Amino acid sequence: MAGYSVVRGGTIITNDVTRRIIKNGAIVYEDDHILKVGKEEELSKEFEHPDSIIDARRKIIIPGIVQAHTHVMGHLFKGFTEDGAEDAFYKVCLPMEDYITREDAYWLSLVGCIEAVKFGTTMINDIFHYADVTAGVVEKVGIRGVIEQKVFDVKSLGKIGDMDYSRDIDAGMRRLKLNEELIRKWNGSSNGRIRCWVGNHAPDTNSPELLSAGRELADRYGVGIHIHVAQSTREVRYVKKEYGKTSVEFLNSLGFLRDDVVCAHLSFADPKDIAMLEASGAGMAHCPVIMGKFGSFPRIAEFLNSKVTIGLGSDWVSLNPWEDMRAAIEITRSIAKNISLQNAQRAFELATLGSAKLLKADQQVGSIEQGKKADIVIVDPNRPNLVPMRDVLQSLVYNMTGNEVETVICDGKPVVSNFRMVNVDEDSAIRRAQEVAERIWTESGVHQSPT
Ligand SMILES: [Zn+2]
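Residues numbered from 1 in each chain as written. Predicted model: local features only at pLDDT ≥ 70, side-chain atom pairs only at ≥ 80, totals over all residues. Heavy atoms only, no water.

(A) Main features of the overall build of the protein chain. Within the protein chain, the regular secondary structure consists of 15 helices and 19 strands. Computed over C-alpha atoms, the radius of gyration of the protein chain comes to 21 Å, within 12% of the 22 Å expected from 2.2 N^0.38 for 451 residues, which places it in the range of a compact globule. Going through the 451 residues of the protein chain one by one, you find that 61% of them count as buried. Taking contacts inside the protein chain between residues at least 6 apart in sequence as the whole, the part at least 24 apart equals 72%. Taken as a whole, the protein chain presents about 17500 Å² of accessible surface, with 48% of it coming from carbon and sulfur. Between the mean site of the 54 positive side-chain charges and the mean site of the 63 negative ones, the protein chain shows a separation of 2 Å. (Helix = DSSP H or I, 4+ residues; strand = E, 2+ residues; numbered from the N terminus. Rg over C-alpha atoms; globule rule 2.2 N^0.38 Å. Buried < 20%, exposed > 50% of the residue type's maximum accessible area, 1.4 Å probe, protein only. Contact = heavy atoms within 4.5 Å. Areas by Shrake-Rupley, 256 points an atom, 1.4 Å probe, with all protein chains shown as cover. Lys, Arg positive; Asp, Glu negative; His and termini not counted. Charge placed at Lys NZ, Arg CZ, Asp CG, Glu CD.)

In structure tokens, the structure reads:
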């Protein structure tokens, strides 16, 4: 047998059905998929002549993290939203989006993807402007992505902070057309690493007609839909006033909700909404860090006890899944006054198999198993924050910063090696993203020197 590679030594958190952890393990992979997982001792006899070997002794090997809801360009808003919460989101961030150019989108997407992958993320679900630019960046960086164009038909996103929901129906349909072009050009490309769904932004920023057209587009191409639902008090107020329904009820009444819909946030979903989501099969992209910052955490205990599929996402500003896993545990326990609802294993599952299931990718990614894609992350645990190590998974979930990610393989190819990006120039991306952000801050009139 020829043409295969081996990651050998190290402790493998397989995340397989039995949640097996293999000490002194090895992973053999060929092209984009895993051939075999087991003990190094046994596999080294069976696979004697690999093309390449990655030595992972004294390292920990985990499946690539899957982020169920991101906007990789959204680090542009670092320092604007964290303390400003919903008001800053509507009155600072959304108006600022008008100033992003196509070229800016490249640098902002690039640095966002670099941040995500360097923290161990190998798959994102990203909805934003210039989605085709992001698709190109995902391709170049070497990770996996489900990408959607941000589709809306309010005249100005910047004005809904003041509850101005005037519509421009034609502009909405043009954005949906862009989404269709994105699907036609990119869906299934790069050996299937890139997929494209429909990105109706939210039930308030979309008219019922645009939502129905989005649903129809998704059905026509056999793809899913990524949408924010019950994400803010403004949205909930508008939908109630306009349609007399909760956001979930409203979408359900349009026949919009099915098992191919990923609903981000659901912060204001009530028990009736949760039952409706269960019945429809629509899933939840839970973003605990950003919602914790907003102070509008969803009814997570009810969600966790429901049949709703749940995955984790960082949303924007920062893209650190380890922070999200911890927030998913700690905030849940605090607000539910229940310690046993969440633990390291369950949070890790949400960030891997849970998100993968939402994205209809759990047969391919989310665990290290024979036949699955070779999306493999190697962590260097020889750090003060990770010693002593008793329970491997708990140590990572509770103590990892993300900077311990040494190697990332996606689709069988190296993306991060020895802590550095393989396919793109990280330093220039960071420099350009800072320049781009400063220009946008100045042009949009929100730039203030730190005091
Ligand atoms: Zn979002």
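(B) View of helix 3 (residues 102–118). Taking 1.5 Å of rise per residue, 17 residues should cover 24 Å, and helix 3 covers 24 Å from first to last C-alpha, within 8% of that figure. With respect to burial, helix 3 is a largely interior element, 13 of its 17 residues being buried. Downstream of helix 3 by a residue or two, G120 has a phi angle that is positive, lying close to 100°. (Expected span 1.5 Å × (residues − 1).)

(C) Up close: the nonpolar core. By size, the foremost hydrophobic cluster in this structure holds 133 residues, and its most contacted members are I62, V141 and F303. With eight residues, the top contributor of residues to this core is helix 3. When residues are assigned to domains, this core turns out to be shared by domain 1 (4–63 + 367–420) and domain 2 (65–358), each giving three or more. Contact partners of V141, with chain neighbours within four places excluded, come to L110, C113, V117, V415, M421, N423 and V424. (Core = buried A, V, L, I, M, F, W, Y, C linked by side-chain atoms within 4.5 Å. Domains from an automatic or database assignment.)

(D) View of the pairing of strand 18 (residues 413–417). Pairing geometry for strand 17 (residues 405–410) and strand 18, over three bridges, is antiparallel. Counterpart to V408 in the pairing with strand 18 is V416. What sits between the antiparallel neighbours strand 17 and strand 18 is a turn of two residues, in which D411 has the positive phi angle 60°. (Pairing = 2+ DSSP bridges.)

(E) Representation of the sheet that holds strand 5 (residues 33–39) in the model. Here four strands make up an open sheet; going across it, the order is 5-4-1-6 and the pairing mixed. Taken across any chain shown, the strands that pair with only one partner, and hence form the sheet edges, are strand 5 and strand 6 (52–55). Within this sheet the neighbouring strands show an average axis-to-axis angle of 15°, counted without direction. Note: strand 4 (residues 25–30) against strand 5, six bridges, orientation antiparallel. Among the inter-strand pairings, G25 is bridged to a residue of strand 5, identified as K39. (Axes fitted to C-alpha atoms, helices over the stretch in contact; angles between N-to-C directions.)

(F) Region of interest: the sheet that holds strand 12 (residues 225–229). Read across the open sheet, the four strands follow the order 12-13-14-15; overall the sheet is parallel. Of all strands in the sheet, those bounded by a partner on one side alone are strand 12 and strand 15 (310–312). On average, each strand axis in the sheet is inclined to that of its neighbour by 30°, with strand direction left out of account. Here strand 14 (residues 283–286) runs beside strand 15; their pairing, made up of three bridges, is parallel. Paired with M284 across the strands is I310, a residue of strand 15.

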